[in-house]
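Working through the structure, step by step
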Amino acid sequence: MKKSMRSLSGAVLRGAAVAGLTAAFAVAAGLATAVSAATPTATPPGLSCETGKHAVDDYTGYALCRNNGGAARTFWVHLVCGWSPDVDGEHVTLSPGQSGQSTAHCAGLGTGIGEITVRP
């Protein structure tokens, strides 16, 4: 059976497209792993914190922390905002035994809060 030049070139193009997509997905998966490994998720030392979204606004996030240590601690909430730029909340300094809250708001464009972390 004789193959035409057109069917051969189509097969070559399909093979190249599949190989290209496979490589692109592998690179994207590697980048996603590298980004998630670099993302801080631990609560800063000396603090116990609760994070979440505002009850009626999916674009506002908070970190409510208590200083369980023996020295003053400063923290702030960090929001990953999807398509909008990431934002940081106000810096809050707590004396030993004190509690406080930092809030931040993602821009209205985009997908809202994707991740909430507490930064020291």
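Below: a short report on this structure. Everything numeric here is computed off the predicted structure, so don't read it as measured data.

**Describing the sheet that holds strand S6 (residues 99-105)**
Here three strands make up an open sheet; going across it, the order is S1-S2-S6 and the pairing antiparallel. Of all strands in the sheet, those bounded by a partner on one side alone are strand S1 (47-53) and S6. Strand after strand, the sheet turns through a mean of 15° between neighbouring axes, direction not considered. With seven bridges connecting them, S1 and strand S2 (residues 60-67) associate as antiparallel partners. Considered in S2, the bridge of glycine 52 is made with tyrosine 62.

**Some thoughts on the side chain of threonine 60**
Its location among the elements puts threonine 60 in strand S2. For threonine 60, a relative accessible area of 15% puts it in the buried group. A distance of 2.7 Å separates the side chain of threonine 60 from the side chain of aspartate 57, its partner in a polar contact. Of the polar contacts made by the side chain of threonine 60, one reaches the side chain of histidine 105; its length is 2.6 Å. Look past the residues within four positions of threonine 60 in its chain and what remains in contact with it is Gly52, Lys53, His54, Ala104, His105 and Ile113.

**Re the nonpolar core**
Core analysis: the biggest nonpolar cluster contains 14 residues, and Ala63, Cys65, Phe75, Val77, Leu79 and Leu94 have the highest contact counts within it. Mapped onto this core, the elements with two or more residues apiece are S2, strand S3 (73-80), strand S5 (92-94) and strand S7 (115-119). Here this core takes three residues from S3, the largest share from any one element. Discounting residues that sit within four places of it in the chain, leucine 94 has contacts with Leu47, Cys65, Arg66, Asn67, Ala71, Ala72, Arg73, Phe75, Ser99 and Gly100.

**Re the side chain of histidine 78**
Assignment of secondary structure puts histidine 78 in strand S3. Take histidine 78: its relative accessible area is 10%, and that puts it in the buried class. Side-chain polar atoms of histidine 78 contact the side chain of aspartate 88, separated by 2.5 Å. Polar side-chain contacts of histidine 78 include one of 3.5 Å to the side chain of arginine 119. The contacts of histidine 78, once residues within four sequence positions are left out, are Asp86, Val87, Asp88, Glu115, Ile116, Thr117 and Arg119.

Conventions adopted
- Residues numbered from 1 in each chain as written.
- Predicted model: local features only at pLDDT ≥ 70, side-chain atom pairs only at ≥ 80, totals over all residues.
- Heavy atoms only, no water.
- Pairing = 2+ DSSP bridges.
- Helix = DSSP H or I, 4+ residues; strand = E, 2+ residues; numbered from the N terminus.
- Axes fitted to C-alpha atoms, helices over the stretch in contact; angles between N-to-C directions.
- Buried < 20%, exposed > 50% of the residue type's maximum accessible area, 1.4 Å probe, protein only.
- Polar contact = N/O pair within 3.5 Å; in protein donor to acceptor, adjacent residues only side chain to side chain.
- Contact = heavy atoms within 4.5 Å.
- Core = buried A, V, L, I, M, F, W, Y, C linked by side-chain atoms within 4.5 Å.

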